[in-house]
Amino acid sequence: MKPNSIKTLILVMALVFTIKTQAQTGWKMKPVTIQSRWAKDVSPTNALKEYPRPQMVRDNWTNLNGLWDYAITAKNAVKPASYEGQVLVPYPLESALSGVKKELKPSQNLWYKRTFMKPETKSGDKVKLNFGAVDYEATVFVNGQQVGKHEGGYTEFSLDITPALKEGSNEVVVKVFDPTGEGVGPHGKQVLNPANIYYTPTSGIWQTVWMEVVPGASISSLYMTPDIDKGILNIAANGAAGYTVEVSALADGKVISKVKGTTGANLQLPFKNAKLWSPAAPYLYDLVVKLKKGNAVIDEVKSYFGMRKISVAKDSKGVDRIMLNNKPYYNLGTLDQGFWPEGLYTAPTDEALAFDIKAIKAMGFNTIRKHIKVEPARWYYHADKIGMLVWQDMVNPNQGLPEGSKQAFEKGSKEILLQLHNYPSITTWVLFNEKWGQYDQERLTKWIKATDPSRILNGHSGELLYVNEQLRSPSPNAYVAADMTDVHAYPDPMNSLKQDGKARVCGEFGGIGVFIPDHQWLAGSAWGYIQEKPAALKAKYTIMNQHLKLFEAEGMSGSIYTQPFDVEGEQNGLMTYDREVIKIPFAELRKIHRQLNPDLQDQEISRGLEMMGRTADMSYAVTAKDADLTEPAQAYSVMLQQYIDGNRDAAFLKKMAMMATQAGDKPGAVLAGKAYITTLKQPLSDEDIRSVAQFTKSSKDAGFDMMVKNGPEFKKVLGDRPYTVDMMNMIFKGEMEPMLADPAKVDWPAIEKRVKPYGAPAEEILLRAKTVHFYNNQDWPNYVTSASAYLSKYGNNISEQERGMFQAAVDQHKGNSGTAASAQENTAKTDATADIKQKDKAIADALINPALEAAKAEDKVPDWKVITATVTQKYDALTADRTVTRAKLFFYYSKDWKAFASAIVNYTEKYEDTSNLSTINTNANFVLEYSADREELTKALSWSKKLVEKEPDNADYKKTYEALKEKLN
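The following refers to the structure shown. Quick caveat, the model's predicted, so the values are computed rather than measured. (Residues numbered from 1 in each chain as written. Predicted model: local features only at pLDDT ≥ 70, side-chain atom pairs only at ≥ 80, totals over all residues. Heavy atoms only, no water.)

## Some remarks on the sheet that holds strand 19 (residues 296-305)
And then number 1: Here four strands make up an open sheet; going across it, the order is 16-15-18-19 and the pairing antiparallel. Sheet topology places strand 16 (254-262) and strand 19 at the edges, where each strand pairs with a single neighbour. Here the strands of the sheet are splayed against their neighbours by 20° on average, with no regard to which way each runs.
And then number 2: Pairing analysis gives eight bridges linking strand 15 (residues 244-251) to strand 16, with the strands arranged antiparallel. Along strand 16, the bridge assignment pairs Ala249 with Ser257. (Pairing = 2+ DSSP bridges. Helix = DSSP H or I, 4+ residues; strand = E, 2+ residues; numbered from the N terminus. Axes fitted to C-alpha atoms, helices over the stretch in contact; angles between N-to-C directions.)

## Details of the sheet that holds strand 17 (residues 267-270)
And then number 1: Taken together, the three strands give an open sheet; going across it, the order is 13-14-17, and neighbouring strands pair in antiparallel fashion. Strands with a single pairing partner mark the edges of an open sheet, and in this sheet they are strand 13 (219-227) and strand 17. Within this sheet the neighbouring strands show an average axis-to-axis angle of 25°, counted without direction.
And then number 2: Bridge analysis of strand 13 against strand 14 (residues 232-239) gives eight bridges, and the strand direction is antiparallel. Opposite Met224, over in strand 14, you have Ile235 as the bridge partner.

## Concerning unusual backbone geometry
Working note: non-glycine residues mostly have negative phi, and peptide bonds are mostly trans.
And then number 1: The residue after Asp135, namely Tyr136, is reached through a cis peptide bond having omega 10°.
And then number 2: Residue placement: Tyr136 occurs in the loop between strand 6 (134-135) and strand 7 (137-142).
And then number 3: One non-glycine residue, Asn326, adopts positive backbone phi at about 70°.
And then number 4: Residue placement: Asn326 occurs in the loop between strand 21 (320-324) and strand 22 (327-328).
And then number 5: Look at Asp440: it is not a glycine, yet its phi comes out positive at around 40°.

## Description of the packing of aromatic side chains
And then number 1: Counted by the stated rule, this structure contains 36 aromatic pairs.
And then number 2: Seen from their ring centres, Tyr199 and Phe339 are 4.8 Å apart, and the 70° between their planes marks the pair as edge-to-face. Here Tyr199 is found in the loop between strand 10 (169-177) and strand 11 (204-205), whereas its partner Phe339 is found in the loop between strand 23 (331-336) and helix 1 (350-362), with 140 residues between them in sequence.
And then number 3: An aromatic cluster is present here, built from Tyr775, Trp780, Tyr783, Tyr790, Tyr794 and Phe806 joined pairwise through their rings.
And then number 4: Just above the ring of Phe565 sits the side chain of Arg579; from NZ or CZ to the centre is 4.5 Å.
And then number 5: One cation-aromatic arrangement involves Arg648 over Tyr643; the distance from NZ or CZ to the ring centre is 3.6 Å. (Phe/Tyr/Trp six-rings, centres within 6.5 Å; stacked < 30°, edge-to-face > 60°. Lys NZ or Arg CZ within 6 Å of the ring centre and 35° of its normal.)

## A short note on the side chain of Asp299
And then number 1: Residue position: Asp299 is located in strand 19.
And then number 2: Reaching out from Asp299, the side chain makes a polar contact with the side chain of Arg58 at a distance of 2.7 Å.
And then number 3: In contact with Asp299, other than residues within four places in its own chain, are Arg58, Pro215, Ala217, Ser218, Ile219, Val289, Lys290 and Leu291. (Polar contact = N/O pair within 3.5 Å; in protein donor to acceptor, adjacent residues only side chain to side chain. Contact = heavy atoms within 4.5 Å.)

## With respect to the side chain of Thr155
And then number 1: Relative to the assigned elements, Thr155 resides in the loop between strand 8 (145-151) and strand 9 (157-160).
And then number 2: Here Thr155 falls in the buried class, since its relative accessible area comes to 3%.
And then number 3: Polar contacts involving the side chain of Thr155 include one to the side chain of Glu415, which spans 2.5 Å.
And then number 4: Sequence-distant contacts of Thr155, defined by excluding residues within four places in its chain, comprise Gly132, Ala133, His150, Gly412, Glu415, Ile416 and Gln419. (Buried < 20%, exposed > 50% of the residue type's maximum accessible area, 1.4 Å probe, protein only.)

## Focus on the environment of Ile360
And then number 1: With respect to the helices, strands and loops of the structure, Ile360 is situated in helix 1.
And then number 2: For Ile360, a relative accessible area of 0% gives the class buried.
And then number 3: When the C-alpha positions of Ile360 and Phe565 are compared, they lie 9.4 Å apart, and in sequence the two are 205 residues distant.
And then number 4: Excluding residues within four positions of it along the chain, Ile360 makes contact with Thr334, Asp336, Phe365, Ile368, Met388, Pro564 and Phe565.

## Comments concerning the pattern of salt bridges
And then number 1: A full pass over the atoms with the stated rule returns 44 salt bridges.
And then number 2: We note a salt bridge from Lys105 to Glu103, for which the minimum N-O separation is 2.5 Å.
And then number 3: Since its relative accessible area comes to 4%, Lys105 is described here as buried.
And then number 4: Taken together, the shared-partner salt bridges in this structure form one network comprising Arg53, Arg58, Glu212 and Asp299. (Salt bridge = Lys/Arg side-chain N within 4 Å of Asp/Glu carboxyl O.)

## Topic: the pairing of strand 7
Put simply, side chains in a regular strand alternate between the two faces of the sheet.
And then number 1: Counting buried residues along strand 7, five of its six residues qualify, which places the element largely inside the surrounding structure.
And then number 2: Pairing analysis gives six bridges linking strand 7 to strand 8, with the strands arranged antiparallel. Across the sheet, Val142 pairs through a bridge with Gln145, a residue of strand 8.
And then number 3: Judged from the six bridges that link them, strand 7 and strand 10 form a sheet pairing that is antiparallel. Each residue of the ladder has a partner; that of Val142, found in strand 10, is Val172.

## Some points on the nonpolar core
Generally speaking, a soluble globular protein has its nonpolar side chains buried in company with each other.
And then number 1: Core analysis: the biggest nonpolar cluster contains 126 residues, and Met363 and Trp429 have the highest contact counts within it.
And then number 2: The biggest single contributor to this core is helix 1, with seven residues.
And then number 3: Excluding its chain neighbours within four sequence positions, the residues that come into contact with Trp429 are Gln392, Met394, Ile416, Leu417, Leu420, Ile448, Asp452, Arg455, Ile456, Leu457 and Asn458.
And then number 4: One finds Tyr643, Met659, Ile765 and Trp780 within the second-largest nonpolar core, a separate group that totals 60 residues. (Core = buried A, V, L, I, M, F, W, Y, C linked by side-chain atoms within 4.5 Å.)

## As for helix 6 (residues 586-593)
And then number 1: The set of residues buried in helix 6 consists of Phe586, Leu589, Arg590, Ile592 and His593. In an axial view of helix 6, the angular spread of the buried residues amounts to 160°, which keeps them on one side of the axis. (Arc of directions from axis to C-beta.)

## Some remarks on the packing of helix 13 (residues 711-718) against helix 14 (residues 720-736)
And then number 1: One way to put it is that helix 13 packs onto helix 14 with a least axis distance of 6 Å and a crossing angle of 120°. As the angle between them shows, helix 13 and helix 14 are arranged oblique. In the packing of helix 13 onto helix 14, the handedness of the crossing is right-handed. Along the contact surface, helix 13 presents Gly711, Phe714, Lys715 and Leu718, while helix 14 presents Asp720, Pro722, Tyr723 and Asp726.
And then number 2: A class-by-class count of the residues in the contact of helix 13 with helix 14 yields four nonpolar, one polar and three charged. (Parallel < 35°, antiparallel > 145°, perpendicular 65-115°, else oblique. Left-handed = near helix turned anticlockwise from the far one by under 90°. Nonpolar A, V, L, I, M, F, W, Y, C, P; charged D, E, K, R; others polar.)

## Some words on a positive patch on the surface
And then number 1: Together, Lys28, Lys30, Lys101 and Lys716 make up a region of like positive charge exposed at the surface.
And then number 2: With respect to the helices and strands, the residue Lys30 is situated in the segment before strand 1 (61-63). (Patch = residues over 30% accessible without salt bridge, like charges linked within 9 Å, V, L, I, M, F, W, Y side chains within 5 Å. Areas by Shrake-Rupley, 256 points an atom, 1.4 Å probe, with all protein chains shown as cover. Lys, Arg positive; Asp, Glu negative; His and termini not counted. Charge placed at Lys NZ, Arg CZ, Asp CG, Glu CD.)

## A word on helix 9 (residues 650-663)
And then number 1: Helix length check: helix 9 (14 residues) gives 20 Å between terminal C-alpha atoms against 20 Å at 1.5 Å per residue, within 8%.
And then number 2: Of the residues making up helix 9, those classed as buried are Phe652, Leu653, Lys654, Met656, Ala657, Met658, Met659, Ala660 and Gln662.
And then number 3: Packed against the buried residues of helix 9 are helix 8 (632-644), helix 10 (666-678) and helix 11 (686-695).
And then number 4: For helix 9, the N-terminal capping position is held by Asp649, with its side-chain oxygen 3.2 Å away from the main-chain nitrogen of Ala651.
And then number 5: Of the residues flanking the end of helix 9, it is Gly664, one or two places downstream, whose phi is positive at about 80°. (Expected span 1.5 Å × (residues − 1).)

## Side note on the pairing of strand 19
And then number 1: Where strand 18 (residues 285-293) and strand 19 come together, nine bridges link them in antiparallel fashion. For Lys293, the partnering residue across the bridge sits in strand 19 and is Ala296.
And then number 2: Between strand 18 and strand 19, which pair antiparallel in sequence order, lie two residues; one of them, Gly294, sits at a positive phi of approximately 70°.

## What about the environment of Trp527?
And then number 1: On the secondary structure map, Trp527 appears in the loop between strand 32 (512-513) and strand 33 (530-531).
And then number 2: Among the residues examined, Trp527 registers a relative accessible area of 11% and is labelled buried.
And then number 3: As a C-alpha pair, Trp527 and Ala377 span 150 residues in sequence and 31 Å in three-dimensional space.
And then number 4: Setting aside its immediate chain neighbours within four residues, Trp527 contacts Asn196, Ile197, Gly513, Gly569, Glu570, Gln571, Asn572 and Pro850.

## With respect to the packing of helix 14 against helix 15 (residues 748-755)
And then number 1: As a packed pair, helix 14 and helix 15 sit with axes 11 Å apart at the nearest point and diverge in direction by 120°. Put simply, helix 14 runs oblique to helix 15. Note that helix 14 runs across helix 15; the crossing there is right-handed. For the pair formed by helix 14 and helix 15, the contact residues are Ile731, Glu735 and Met736 on the first element and Ile751, Arg754 and Val755 on the second.
And then number 2: Residue composition of the contact of helix 14 with helix 15, by class: four nonpolar, no polar and two charged.

Set out below in structure tokens:
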């Protein structure tokens, strides 16, 4: 890595020890930048009060949502010494609605505790304690006795707690371990340091907890599969053996079909002229299932089902298409992440949960791709009732595939397939996404299809990934055994490969970032693959859909737009994150979508619906504000003039800073931010404190002294560790960075003297700076000294991965100076122990490629220093060097071929797989063509010489070798 990569030091580091705070005395929603309209309706007495499992309903149940005591301890603690306060279940610990809004670190456990009264039971009855989902590992105790354990953050589990109960009051304790990205289990879009396409983690209980009383012999589950061709519903009622099952189907309250059999057996419920389920007509039958012993009813549950068929078949012209109920049906979809500003993974209310589906339908879509998340059961119930096709993603394994991750992924996927089987809205399973943790694709594809042959399978969404028409990840057999070929293309859609027997879909496209003032999670940010002003979005989106129509004529069967709602810093939704502003009016979106959505193509019906302001099913109208289409720079110019004229109102200045960022006026943003901070008076409100932290980036900024003088207040609001990290970053930016401008002339004693007055944050950032600097420069004697001190004092504050990398280098070089060659050898050994391709692909997709595409969209040279810093924030200096060097090979937008050739040499010398002879020869030819530097050409010649020695009869290798010798002569 180049010496100036020291700038990467300022990036955020994670804390891994408990933050002590004063115990809470009650619940109050924590402040959040923006919130949805439903947040105000949440209270401890009505937290998601609806019955949580509509597919298997019993009357005798108790909702345990509400206030629980909580504590955060070290991972090795046997139990909490005391509880810190109360948390509102089922909202995640990190969410505002939890009333806590704290991070859970991989070295910590989260504990929940509450009491409940033993429910009334008859002889032989059992009491079941049910959890919708707990992220990630949950151990449950009742009255001090462990009653069960579950691993996996996305699936439900149920425990029989009867033996542990006592009369009267009982205590339940849940211990949670959630390492997020540092564990072996799937964690979806959650990361410890959220940015761009990754978001704030969800830890602990995030779906409803409830008790129910069931008979000793009871129905444990239902498994239903419709077959419209045969006119039957296949159903198995699982439960106690040796009992009779009686199944009744009802339409409009009347029994229309019955069947009897034994528990566990596949029964066939016959239908004549069944009403078929579709998004246009989402008809659902009611179902009653009774467990009987003779004539006595032992147990009874209520459910529902829909009769529908999904398949891939040839249309009348012989084109393979997705079929719904045996007719071609274009899947016009959008990529739904399922995040909420105040609840993260958990919607504030059931009405809010349903709103998202209604809003997407009101936009004119008929399909939702549920992306890398499993929703609560009621979300799928609403999709069934409202009428929406669902492509359900599996939650990808940890992308680095550490030991145990494959087993965790397959266990979780098996649970997902079983848990979600009965919902008619789910028509498509998605196994992998963009090579995120991909492995054994053919085996797993066949396994899912064998497990559930009633649905179609997208074996790999976006294994072929294009950004600005450039292929990022070529794959020789991308869609083995699957039912469709799927390409991701950003920003503009593409048609996927044509393969016999497979439907063609564009699994993701779009990602148009549009900034809507006052509705941002991150002020001044509008991340997207491309940026558009609000007024230009409609035209751009219309053109994209016109191309989809052309692709449909070529054989495309479906498309998924990214995305319906903004999510945190990702502002490429058709609606804002708070669900308040629609960026293209609903009616206009339906007009755009009419040519693709089969349900909107009846012009007479559509015109009537538009007159009534209703959606295609005539019942799910939703409301939102239309976006202000005023040119942002024009609006900002007005504000700047008001500033010139003397407006110094605090709210005005805060908004002006945001608008300046959108308009591209960086000096104006600094000016407004500084002026805003000067308006603040003591005592500072929580909102004041967050704003100061937002606008203060350096020790030279106006807010720095305020943060120093009011440290305890800032720590209370921001958190102890986030405050410390902010201070470290500001000290580095304002004090240290200028003194590191020339890496060859770094005066560490002078730097230490300069920052010492700032105390512990300065000491930590100084030790980190020395560690990374000496590592980058392979100054091993100084590295060992600095890194040893850094790891001893602050090692718990960094990721396990980075900690291990630093320690390995200490162990390698302790007691000797080391050499560049030995460092290179150590790097190779480290790389050989990990799945480098998977890791680098994940890093590139999450951190590097978005920045490169943004630079390309603005016709700028990528800022490699900033990109390197971004990677180092989440990983380490070595990984940043490797991934960024690799990125330069493919994305050198400046067309500076000399620099491109240098990158080729740098990457080949450090990281290229030397066993891949063809690749080495290609790299040598690149250097031959683009470089005039004798040192670089000499290195390329040495590669070619080795190739010729290995394969002396290879004409291509000999040709390159001779050409390099000639150029050097």
